[in-house]
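In case you want the letters, here they are:
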Amino acid sequence: MAKVLVVGNGGREHAIAKALLASPQVARVYCAPGNPGMRLDDIQTVAIDELAFSELVTFARQKAIDLTVIGPEVPLAAGIVDYFQAAGLAVFGPNKAAARLESSKVFAKQFMARHQIPTAGYQLFHELTSAIAYSREQPVPQVIKVDGLAAGKGVTVAMTRDEAEAALVTAFEATETVLIEDYVEGFEFSQMVFVGGDKTVLLPTAQDHKRLLDDDLGPNTGGMGAYSPVPQITPEILAQTVTTIIEPTIKGLKADDLSFEGVIYVGGILTPQGPQVIEYNLRLGDPEAQILLPQCQSDFYQLIVDLLQHRQPVVQWQTDETYLGVVLAAPGYPGPTKANVPVPTVPGADYASVAGEPGALVSAGGRLMMLGTHAVDLATAQHQVYAQLAQLTLGDLCYRHDIGAKGLTKT
Ligand code: GLY
């Protein structure tokens, strides 16, 4: 029986660990550093930071770990996969070179240009004055992006030139490279694919909710809820996404000598001209993973082992129901948050930035937990999850009340 290590501490890692623990081949799942909410599901948390590569490798060797799965982008961008591979350990995730597709927006834009992958036009700036001068001449809205990892908070859609200028000032405080991108109107979706050599496994399509407040108002966050599948992404649109984005991406990675075993996440937008890429992530989405992995009816451990060995996995996804989850966040998120706020214990929930003990969890960061459900259709799933939330004592924890609403609108 196998022993697995998951690296990360959020709701996505909770979902990955649960999916691996459900495999008949897996005896034990460790999560480093994990969070105390995971212990409700028999996941063993290990107090090692996700960037302490040497300690993680020592732990993996001591416990004879068969497979390590990396959840978050920060250790991937810092080269954790290269580190594990150099130590001769089996690890699922992109190496540092490939992870640049997520960690550098400029690198991603240049990759897409090189491989004719549809995406919005942009201009690159290394100093504020010329960025502001350019911005003043452009129509609004404008999209301001910092070139680096920003936990989903590095993008501003500026509706006025004043907003654009303020966003540029803030962006240049955080980084030396800023993109001003053309604003593209459309329907956003998340399409992920597991890859290993030339073998691929497409996941069901999902939709995230990046803004803090209902009706897509308020600041960007890491993601406030998700549902899957997405009615607007029909089989025809999915096929087009595969042909115009996913296949050229995989071919491009190979041509650029960047192939890896892990996840390609296309942050997509459906425009009148067809699907385009907003951004790449090279890992599972959070909160999308929490509603995608429970749809996998096959052995998830075997899926990863097959991809690591470049064998085509045989994977069955559920096709009869809609999965939907709502994120609960601490007061103040995505700014400074209130700590030690009680967080409810709900069997099956995916926990994130919590402290305390299982059964007496408290807030210790922004996103705290995701409450998920599945039902025969989207409207029922939405009704079910909000009915369950209404039964909980949530104090001043915050959450959106409209997760799934866009899936219920007619296109
Ligand atoms: N849900 C967006 C992300 O994981 O980056």
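Okay, so let's go over this structure. (Residues numbered from 1 in each chain as written. Predicted model: local features only at pLDDT ≥ 70, side-chain atom pairs only at ≥ 80, totals over all residues. Heavy atoms only, no water.)

## Section: the site of the ligand
The environment of the ligand is formed by D208, G222, Y265, N281, R283, G285, D286, P287 and E288. In this structure, R283 approaches the ligand through a side-chain N or O atom, which is 2.8 Å from an oxygen atom. About the coverage of the ligand: the protein hides 91% of its 200 Å² of free accessible area. Of the residues that constitute the shell around the ligand, the class distribution is two nonpolar, three polar and four charged. (Near = heavy atom within 4 Å. Polar contact = N/O pair within 3.5 Å; in protein donor to acceptor, adjacent residues only side chain to side chain. Areas by Shrake-Rupley, 256 points an atom, 1.4 Å probe, with all protein chains shown as cover. Nonpolar A, V, L, I, M, F, W, Y, C, P; charged D, E, K, R; others polar.)

## Focus on the state of the cysteines
Applying the stated criterion across every chain yields a total of zero disulfides. Free of any disulfide, C296 has its nearest neighbouring cysteine sulfur in C31, separated by 19 Å. (Disulfide = S-S within 2.5 Å.)

## A closer look at the sheet that holds strand β21 (residues 354–357)
As summarised here, the arrangement of the three strands in space is β19-β22-β21, forming an open sheet in which the pairing is antiparallel. Bordering the open sheet on either side are β19 (342–343) and β21, each of which pairs with just one other strand. Across four bridges, the pairing between β21 and strand β22 (residues 360–363) is antiparallel. Across the sheet, E357 pairs through a bridge with A360, a residue of β22. (Pairing = 2+ DSSP bridges. Helix = DSSP H or I, 4+ residues; strand = E, 2+ residues; numbered from the N terminus.)

## Some details on the packing of helix α5 (residues 96–103) against helix α6 (residues 105–114)
At their nearest, the axes of α5 and α6 sit 6 Å apart, and the two run at 95° to each other. The orientation of α5 with respect to α6, classified from their angle, is roughly perpendicular. Here A97, R100, L101 and S103 of α5 lie close against α6, whose contacting residues are K105, F107, A108 and F111. Considered class by class, the residues forming the contact of α5 with α6 number five nonpolar, one polar and two charged. (Axes fitted to C-alpha atoms, helices over the stretch in contact; angles between N-to-C directions. Parallel < 35°, antiparallel > 145°, perpendicular 65-115°, else oblique. Contact = heavy atoms within 4.5 Å.)

## Here's the deal with the sheet that holds strand β16 (residues 262–271)
In space, the four strands of this open sheet follow the order β11-β10-β16-β17, with antiparallel pairing throughout. Lying at the two open borders of the sheet, with one neighbouring strand each, are β11 (199–202) and β17 (274–281). Adjacent strand axes in the sheet meet at a mean angle of 35°, parallel and antiparallel pairs treated alike. By the bridge criterion, seven bridges tie β16 to β17 in an arrangement that is antiparallel. Each residue of the ladder has a partner; that of L270, found in β17, is P275. Most of the contacts of helix α11 (residues 300–308) go to strand β10 (residues 187–196), to which it runs at about 65°, and overall it touches β10 and β11.

## What about the side chain of R367?
When you line up the elements, R367 lands in strand β23 (residues 367–375). A polar side-chain atom of R367 sits 3.2 Å from the main-chain carbonyl oxygen of G222. One polar contact links the side chain of R367 to the main-chain carbonyl oxygen of G223, over a distance of 2.9 Å. If sequence neighbours within four positions are ignored, R367 has contacts with G222, G223, D286, P287, V327, L328, A329, Y333, A352 and S353.

## Observations concerning the environment of A158
Structurally, the position occupied by A158 is in strand β8 (residues 155–158). Overall, the relative accessible area of 0% leaves A158 in the buried class. Distance in space between the C-alpha atoms of A158 and I264 is 28 Å, their sequence separation being 106 residues. Excluding its chain neighbours within four sequence positions, the residues that come into contact with A158 are V140, P141, Q142, E163 and A164. (Buried < 20%, exposed > 50% of the residue type's maximum accessible area, 1.4 Å probe, protein only.)

## Considering helix α1 (residues 11–21)
Within α1, nine of the eleven residues are buried, which leaves the element mostly enclosed by the surrounding structure. Inspection of α1 places G11, R12, E13, H14, A15, I16, A17, A19 and L20 among the buried residues, and these make up the whole buried set.

## Here we look at the pattern of salt bridges
Applying the stated criterion across every chain yields a total of 17 salt bridges. We note a salt bridge from R12 to E13, for which the minimum N-O separation is 2.7 Å. Accessibility assignment for this pair places R12 and E13 in one class, buried. In this structure, E357 and R39 form a salt bridge, with 2.8 Å as the shortest nitrogen-oxygen distance. Of this pair, E357 sits in strand β21 while R39 is found in the loop between β2 (26–33) and β3 (44–45), placing the two residues 318 residues apart along the sequence. We classify E357 as partly exposed; its relative accessible area is 47%. Take R39: its relative accessible area is 35%, and that puts it in the partly exposed class. One network of salt bridges, with partners in common, ties together R12, E13, E73, E102 and R283. (Salt bridge = Lys/Arg side-chain N within 4 Å of Asp/Glu carboxyl O.)

## With respect to the nonpolar core
One finds L20, F194, L284, L293 and F300 to be the most contacted residues of the largest nonpolar core, which totals 40 residues. Among the elements that take part in this core, α11 stands out by supplying six residues, more than any other. Contacts of F300, omitting those with residues within four sequence positions, involve I16, A19, L20, F194 and L293. Core analysis: the next-biggest nonpolar cluster, separate from the first, contains 31 residues, Y227, V230, V343 and V385 among them. (Core = buried A, V, L, I, M, F, W, Y, C linked by side-chain atoms within 4.5 Å.)

## Here's the deal with unusual backbone geometry
At the junction of A32 and P33, the peptide bond is cis and its omega measures out at -5° in the coordinates. Checked against the element boundaries, P33 lands in strand β2. Y333 connects to P334 through a cis peptide bond whose omega is 5°. Here the phi dihedral of D257 falls at roughly 60°; this positive angle occurs in a residue that is not glycine. For D257, the location among the structural elements is in the loop between α9 (235–255) and β16. Taking relative accessible area as the criterion, D257 reaches 70% and is therefore assigned exposed.

Function cannot be read off these values alone, since they describe shape.
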